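# Secondary and tertiary structure notes
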Amino acid sequence: MGGTRYDIGARLSRAEAAGYGKKSASEIFTQNAKRMAHESMNPKGITFREARDSAVHPNSVPIILGLDVTGSMGHIPHELIKEGLPKLMGGIIQGGVPDPALLFLGIGDHECDNYPLQVGQFESGDQELDMWLTRTYIESGGGGNAGESYLLAWYFAAFHTKTDAFEKRNQKGLLFTVGDEPNLEVLPASAISEIMGAGQQTYTAKELLAEAKKYYDVYHISVLHSDQAVRSDVAWKELLGQNCLSIEDHREIPNVIKGIICDKFKNGSAGSVNLGGLDNIDML
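In short, a report on the structure. (Residues numbered from 1 in each chain as written. Predicted model: local features only at pLDDT ≥ 70, side-chain atom pairs only at ≥ 80, totals over all residues. Heavy atoms only, no water.)

## Some thoughts on the environment of Ser149
Convention followed: To qualify as a helix, a DSSP run of H or I must reach at least 4 residues; to qualify as a strand, a run of E must reach at least 2; elements of each kind are numbered from the N terminus. The criterion used for residue contact is that any of the two residues' heavy atoms lie within 4.5 Å.
With respect to the secondary-structure elements, Ser149 resides in the loop between helix 5 (126-135) and helix 6 (151-160). Distance from Ser149 to Leu117, taken between C-alpha atoms, is 8.4 Å for residues 32 residues apart in sequence. With residues near it in sequence (within four places) discarded, Ser149 still touches Ile107, Gly108, Asp109, His110, Asn183 and Leu184.

In structure tokens:
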């Protein structure tokens with residue numbers, strides 16, 4: 001990872017040739033027809049995903065984006081591949097952060113789904129990021145257990161990532177989960193073992209949040225498109241405070257993330273989150 005740049009012009013041309021703006025989700029996300037996660041995104045056996053500096057990106061900024069791929073949220077990866085991802089990456093770079101390294105996670109429900117966690121790689125280039133996003137299996141699962149496994153993003157970030165930002169510069173990355181459900185409260189050792197191939201300890205969500213916060217500034221974006229989402233937003237705000245960001249239009253996800261990242265790294269600290277002025281992001 002880290003050896004290529006995000007080229008907006010090349011990405012727009014490639015996206016037009018690939019038909020991202022016209023094709024259905026099932027045509028773009030080909031794992032959906034296979035009803036299984038791509039083998040490269042299966043977390044079992046993964047030791048670490050690494051965000052390292054390079055000659056092209058000497059000050060890498062690790063960003064994890066955990067996308068809820070259960071039934072009510074499965075349309076968001078489709079929106080990202082159509083226009084949200086170049087808006088996000090272009091906005092970050094144009095906003096003064098030239099070295100973003102983005103890792104996609106697919107988040108499901110470890111109590112109900114076959115693939116509750118899917119894992120890409122930290123990447124900076126447009127072609128590589130499109131590849132990992134479109135490899136994601138939108139399982140469209142979840143269950144009636146009043147929650148999804150957003151805590152898996154915290155688990156993976158805490159125990160299975162390494163970054164030069166933290167190791168060289170004592171600089172935390174940024175971790176975003178996006179969803180419309182409450183967080184499941186416990187991650188059993190048995191679930192970790194099944195997902196990762198090894199695991200001997202059970203964690204609560206609060207324990208995993210504390211571990212993730214050692215290395216990342218942790219945010220959750222609540223998409224308020226249902227009464228259930230509005231109710232779950234209350235619990236998220238109690239857990240994360242101002243780091244729970246509530247939106248009604250999922251198309252604002254790139255704007256919100258871009259604003260937080262640029263605010264943090266332009267000012268040299270996380271500071272307060274200002275969501276004003278994020279409605280319009282010019283493309284590079």
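## Observations concerning the environment of Glu248
As for its placement among the helices and strands, Glu248 is situated in the loop between strand 10 (244-247) and helix 11 (253-267). Here the alpha-carbon distance between Glu248 and Leu224, two residues 24 residues apart in the chain, equals 4.8 Å.

## What about the packing of helix 1 (residues 8-18) against helix 5?
Inclusion rule: Here an axis means a line fitted to C-alpha atoms, over the contact stretch when the element is a helix, while the angle between two N-to-C directions is reported on a 0 to 180 degree scale. Every angle not falling under 35 degrees, over 145, or within 65 to 115 is termed oblique; those three ranges are roughly parallel, roughly antiparallel and roughly perpendicular. Residue polarity is assigned by list, with Asp, Glu, Lys and Arg as charged and Ala, Val, Leu, Ile, Met, Phe, Trp, Tyr, Cys and Pro as nonpolar; anything else, Gly included, falls into the polar class.
It is the contact of helix 1 with helix 5, at a shortest axis distance of 9 Å, that shows an interaxial angle of 45°. Considering their axes alone, helix 1 and helix 5 lie oblique with respect to each other. Facing Ala10, Arg11 and Arg14 of helix 1, the residues of helix 5 in contact are Asp126, Gln127 and Asp130. Counted by class, the contact of helix 1 with helix 5 contains one nonpolar, one polar and four charged residues.

## Some words on the pattern of salt bridges
Condition: Here, a salt bridge means any Lys or Arg side-chain nitrogen found within 4 Å of an Asp or Glu carboxyl oxygen. Relative accessibility decides the category of a residue: with a 1.4 Å probe and only protein chains considered, values under 20% of the type maximum give buried, values over 50% give exposed, and everything between is partly exposed.
Applying the stated criterion to the full structure yields 14 salt bridges. Salt-bridge contacts for Arg169 lead to Asp53; the nearest nitrogen and oxygen are separated by 2.8 Å. Of the two residues, Arg169 sits in helix 7 (residues 164-169) while Asp53 sits in the loop between strand 1 (49-51) and strand 2 (61-68), which places them 116 residues apart along the sequence. Here Asp53 falls in the buried class, since its relative accessible area comes to 18%.

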